[in-house]
Structure formats: C-alpha cells, structure tokens
Amino acid sequence: MAEKFDSIVVGAGPAGAAAAYTMAKAGLNVLVLEKGEKPGAKNVFGGVIFKHHTEQIAPDFWKTAPIERRVVEYQYWFMSKESHVLVSHRNQRFNSQYNAFTVHRAKFDPWFAKLAEDAGATIINRTTADDVIKNNGKIVGVKTERGDVYADCVIAADGVNSVLARQAGLRGELNPDAVVLAVKEVIALPKQRIEERFNVGPDEGVAALLVGWGSGMHAGFLYTNRDTLSIGIGVSMRDLDKSGERPNTLLEQFKSHPSIAPLIQDGELKEYAAHLIPEGGYDHVARVYMDGMLVVGDAAMLVNAINWEGTNLALTSGIIAGETLIEAKKRADFSSRTLSKYRKRLEESFVLKDLRRFRNVPSFFSSHPHFFTLYPELANELAYMWHIADDETKDARIRRMKATLFKRRSKLGLARDAFNLWRLLS
Amino acid sequence: MTTAQRTLSITDKLYRDRYKVDEEPHLWIKDPNMCVKCPFNFVCIRVCPTDVYKWEENKITITYDACVECGACHIACYNVGWKHPKGGFGISYKYG
C-alpha cells in the first residue's frame, strides 16, 4: 500500500461513508478503512436515521435500503415506580411525508457504505488505524496493522472513542460529564405482535423516550423494528460512577417496570450491546480540523441530545467535510487555513447552530436531576389522585393535590424551575 | 397473562452476541499496584456492562473476550489501557 490517496477516511459509519461518497463522486481518490469485519459491525444506536439528510446522498433510499419501520409516533413516558403518564404524538403526515426510520445498523451501514464504494471509493474492512502519521506538524497518513497509508488529508470518522482525533491532539480524554453509556437489547417478537402492542400498521413504528423509572438521571428508549424491538437505557458516565449502579441492573430494572414488561413479554433476546454517546453538546465538541485532518460525526462529539439526533449530524458533517476537501484538492492546499472552512460551514449549518442553541442544556439537567426524578413522580401522583372516584369533593381533592405538590417542591422552587426551563429553551 | 420474562445473566446475554476473539488482549491494567489501593472504588468493575473486570486474588482480572468495546472503563479510570482490537476482531454486531 505505497499508493497515496487524496483522502483516507477512517470509519465506514454514516459520517465516514457520507464523506467518502461525496469525495468519490467528485472524482477524488478515496480510501476508507473500517475496523469491523464489515461497515456497521461495531455500530450501535438507540435511534433512527432521518429522511431529509440521508436523501442528500440517496434519494428515495427507503425503497431499497434495509430499513425497519418508518416512525409515525413519538412517545414521551413520565414514569414512577408502578405507573406512567404518557404524552405522545402520532400524525398521518408521517405516512405521507416520511421523517425518520428505524434501522439495524449492522444492516443499514453496509448498504450505505456501498454507495460510497459504487461512487468509486475503495473500502477495506478488518483494518484498524491506530495512529496518525505526522510530518512537520501536518497529518500525512495513518498507521494500520497492514502498514502505513498516505493521503493529502485524513478524515477521522472513527466514532466516539476516536483514537485518531486523540493521537492527532484534537481531542483529550473523554470527560465523564460529556458521555452517556447506553446499554441496549434487541428483542425479537412476531411482526403482528409488535403491531398489536404498539397499535401500528405494517411498516409503521414508534420511537419512545422514557424517564422517571429509575432513582437517578436515567433515560430509557424503545424503538419498534420490523420483527424486533430495540430497548435500552442511557446513563451519564458521571452519574453511573457516583450512584454505584450497574448498567445491566439498570436495564433490567427498566425492562421489568410494570408498564414496560408487557411490551417485551415473550420476546427473545437477540443481542446485547453497549456504546457511548457523546452528549456533552457544543462546549465539548472536538477541534475538528488541523493541517491534513478533519474530524466528523461522533468522533467530533456531534450529537444533539435534546432532540435525539445524531446520525443526521454525522451524515451532514461527513458531506461538509467531503465538500471542503474537494475544494482543498482544487487549490492543492490542505493546510488548516483552508480546512477551517469545514468548521465555519458546520457553524453555519444546523449541526453547530443547534448544539450552540442548547449549549447549556446538558449542564442544566445534570444540576437539576429532579426533572428526571421528582417531576415524573409528581405527575404520576397528581394524575392518580385526579382519577380517584370516592366521597371526597373535588374542591377538597384539588386542595389536597396542591398540598401534595407544594410539599415536594415549594412554590418558589416550581417558579424558579419553570423560569429557568423557559430561559434555557427560548 | 403469561409469566414474566426470565431475567438473563450477563453471561447468558453475551451468548447471543457474535465475537471473533483475538489472541492478544486489547485491554490491560497500566499499573497493577495502583489497583491494590484503588482510589476509585473499583470503577472499572462497576461501569462495565459486560462484567469484563473482576477482583480476584488481590488483582484485577480482565475477561477481554467479553468486551463489546464501549470504552466506559477507560473513561472511568486512567489506569485502564484500551485500544481497538486488531481489524476484524472483537465484537461483531448482527443487529446493532
């Protein structure tokens, strides 16, 4: 492998494949290195891929791509020990104007990476790039177990644990406050069962976020696939260390909740997975460019935890990185000055605009954990009280409900929370 | 109602996963002496979702072939050495 490429992309996930596709289509000589036995082999998400962004590369992709179900309903579960309050949005417009699709990454990612290959990129699987090659402070290639490879510019698309961004000095060790550990199971159920339990038609699916079931700042997620469910929990690494709770125990606690257990009952476990999510937001985004290198997707910490978006930020950052290198190639200039255009364009796009908009949200919720614990519990308690029919007058009931509320959170505390939340989001 | 789903142990769960095990570990303890008086209350053992780490006979043992490469351990403790398994080895998800 003495050949020199225009670009080496490390990682064939959505960000890497999008970058490789963009460059290969413009005629650049692109090499993609994937450490797994195939693209997607190391990839996990509790999530969806988005129509709008995926279409930039593959129009009408849902007709041929290995998708599971299109999301027609978004559910938000506010849970207590043995109850839940459910807020949900279902819309027929999601059936005419698709928005998001559930997929299995081990099936979707190879399909997506194939587009880059068809456009002319060379993909080599089973190859781990574990260091960068530097020459006069400029990145000129990567070291792999098969030998060194050289390029005008390296794109680090090697995921949340990016070894390359760290070796290049663009990122330090991950901060436990900025990463969430997700533990997930894929549980098989007959297709009809899923459609009955979630009240959806063929090809229709549900995406659910569930809070309040645990004693700390945990979130649960649940996605319907064709004949499996993706179910899991996320907990910040800081919280996990502090609370002493064990990841698998939390997942089991979530799964055994009386509102959740019936949804997965009689299902067969197909896979157990764990992955980190870089949810720190704007202030934890990596330095994304230097002489001869760009960083994209999770490697750059591009995840919008508020809107549960990640694959679209990955894909878009990959496209922008690819376009930046096409431009750089024309000028035969891969210096950080030219590559800084990538950061600038990320800042101008929804990717960094959204992260900046919500930059204070991650730290707000970690300093206000009662949004994940006390408030779901109170919502359930008040909902329960409201629905009891007995001899108590409603006048007395409402007084008792108010007393219950203010006993757990003072009027001042409630007002402050409401004000802060408003200020945070507006 | 049928009976509740049987709770599987982590070992049972990992039987569902597909691995290609490398002969060379990709995880190691940098300074085993530090573990004897672990300042982090054995955080590697606690945060690992697949029970890779155990405290046995006064040292941390590492069952690296159960690792799903999430990276939690080396974020939690700088004494954990972590690298990617060789290309093609380690966890290979069927679903993901």
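Residues numbered from 1 in each chain as written. Chains lettered and ligands numbered in written order. Predicted model: local features only at pLDDT ≥ 70, side-chain atom pairs only at ≥ 80, totals over all residues.

Moving on to the overall build of chain A. Looking only at helices and strands, chain A features 16 helices and 17 strands. Taken over the C-alpha trace, chain A has a radius of gyration of 23 Å; the compact-globule value for 426 residues is 22 Å, and the two agree within 12%. Considering only C-alpha atoms, chain A reaches an extent of 85 × 45 × 40 Å along its principal axes. A total of 426 residues make up chain A; the buried ones form 50% of that total. Counting contacts in chain A only where the partners sit at least 6 residues apart, residues at least 24 apart contribute 73% of the total. (Helix = DSSP H or I, 4+ residues; strand = E, 2+ residues; numbered from the N terminus. Rg over C-alpha atoms; globule rule 2.2 N^0.38 Å. Buried ≥ 20, exposed ≤ 12 C-beta atoms within 10 Å, placed from the backbone. Contact = placed C-beta atoms within 7 Å.)

As a further point, take the overall build of chain B. What chain B contains, in helices and strands, is four helices and six strands. Counting only C-alpha atoms, chain B reaches 50 × 35 × 25 Å along its principal axes. Taking all 96 residues of chain B together, the buried fraction comes to 35%. In chain B, once contacts between residues fewer than 6 apart in sequence are set aside, the share between residues at least 24 apart is 65%.

Further remarks concern the domain arrangement of chain A. Residue and element names in this part refer to chain A. According to the domain assignment, chain A contains domain 1 (4-66 + 104-174 + 283-348), domain 2 (179-278) and domain 3 (363-425). Just the C-alpha atoms count here: the centres of domain 2 and domain 3 sit 26 Å apart. On the side of domain 3, seven residues touch domain 2, which itself brings six residues to the contact. The residue inventory of the side of domain 2 that touches domain 3, partitioned by class, reads two nonpolar, four polar and no charged. (Domains from an automatic or database assignment. Nonpolar A, V, L, I, M, F, W, Y, C, P; charged D, E, K, R; others polar.)

A few words on helix H4 (residues 105-118) of chain A. Side chains three or four residues apart in an α-helix point the same way, a direct result of the helix having 3.6 residues per turn. Residues and elements named next belong to chain A. Along its 14 residues, H4 runs 19 Å from first to last C-alpha, staying within 8% of the 20 Å computed at 1.5 Å per residue. Among all positions of H4, only Arg-105, Ala-106, Phe-108, Asp-109, Pro-110, Phe-112, Ala-113 and Ala-116 are buried. Buried residues along H4 sit against helix H1 (14-25), strand S2 (30-33), strand S3 (48-50), strand S6 (100-103) and strand S7 (122-124). (Expected span 1.5 Å × (residues − 1).)

Residues and elements named next belong to chain A. Burial of strand S10 (residues 147-156) is extensive: seven of the ten residues sit out of reach of the surface. Relative to S10, strand S9 (residues 138-144) runs antiparallel, the two sharing four bridges. Paired with Thr-144 across the two strands is Gly-147, which belongs to S10. The antiparallel hairpin formed by S9 and S10 contains two residues in its connecting segment. (Pairing = 2+ DSSP bridges.)

Glancing now at the packing of H1(A) against H4(A). Residues and elements named next belong to chain A. Between H1 and H4, the least distance of the axes is 8 Å, while the angle of their chain directions is 20 degrees. Between H1 and H4, the angle is such that the two are roughly parallel. Classified by chirality, the crossing of H4 by H1 is left-handed. From H1, Pro-14, Ala-17, Ala-20, Tyr-21 and Ala-24 reach across to H4, where they touch Phe-112, Ala-113, Leu-115 and Ala-116. For the contact of H1 with H4, the per-class residue count stands at nine nonpolar, no polar and no charged. (Axes fitted to C-alpha atoms, helices over the stretch in contact; angles between N-to-C directions. Parallel < 35°, antiparallel > 145°, perpendicular 65-115°, else oblique. Left-handed = near helix turned anticlockwise from the far one by under 90°.)

Let us now look at the packing of H1(A) against helix H10 (residues 311-331) of chain A. Residue and element names in this part refer to chain A. Where H1 contacts H10, the two axes come as close as 7 Å, and the packing angle between them is 30 degrees. The angle between H1 and H10 falls in the class roughly parallel. You can see that H1 and H10 cross each other, and the crossing is right-handed. Contact residues: Pro-14, Ala-15, Gly-16, Ala-18, Ala-19, Thr-22 and Met-23 in H1; Thr-311, Ala-314, Leu-315, Ser-317, Gly-318, Ile-319, Ala-321, Gly-322, Glu-323, Leu-325 and Ile-326 in H10. Broken down by class, the residue content of the contact of H1 with H10 amounts to eleven nonpolar, six polar and one charged.

This brings us to the interface of chain B and chain A. Contact residues are listed per partner, giving 33 residues for chain B and 48 residues for chain A. If you list the elements that add at least two residues to the side of chain B that touches chain A, you get helix H1 (10-14), helix H3 (43-47) and helix H4 (72-76) of chain B.

All names here are of chain A. Formed by 148 residues in total, the largest nonpolar core has its most connected members in Val-10, Ala-20, Val-154, Ile-155, Leu-181, Leu-294 and Val-296. Here this core gathers at least three residues from each of two domains, domain 1 (4-66 + 104-174 + 283-348) and domain 2 (179-278). Sequence-distant contacts of Leu-294, defined by excluding residues within four places in its chain, comprise Cys-153, Ile-155, Val-288, Tyr-289, Ala-321, Thr-324, Leu-339 and Tyr-342. (Core = buried A, V, L, I, M, F, W, Y, C linked by C-beta atoms within 7 Å.)

Quick look at the pairing of strand S14 (residues 228-236) of chain A now. Residues and elements named next belong to chain A. When you tally the buried positions in S14, you get nine out of nine residues, the bulk of the element. Residues Thr-228, Ser-230, Gly-232, Gly-234 and Ser-236 of S14 are buried on one face, and the alternating residues Leu-229, Ile-231, Ile-233 and Val-235, pointing to the opposite face, are buried as well. Sheet analysis places strand S11 (residues 179-188) next to S14, joined by nine bridges and oriented antiparallel. The residue bridging Val-183 from the neighbouring strand is Ile-233, located in S14. Once strand S13 (residues 218-224) ends, the chain turns through three residues before running back antiparallel as S14.

Take helix H15 (residues 394-408) of chain A next. With 15 residues, H15(A) extends 21 Å between its outermost C-alpha atoms, agreeing within 8% with the 21 Å of an ideal straight helix rising 1.5 Å per residue. For H15(A), the buried fraction is low: zero of the 15 residues fall into the buried class.

We now examine the confidence of the model for chain B. Within chain B, residue pLDDT values average 93, and 94% of them lie at 70 or more. In the predicted assembly, ipTM is 0.95 and pTM is 0.95. (pLDDT = per-residue confidence, 0-100.)

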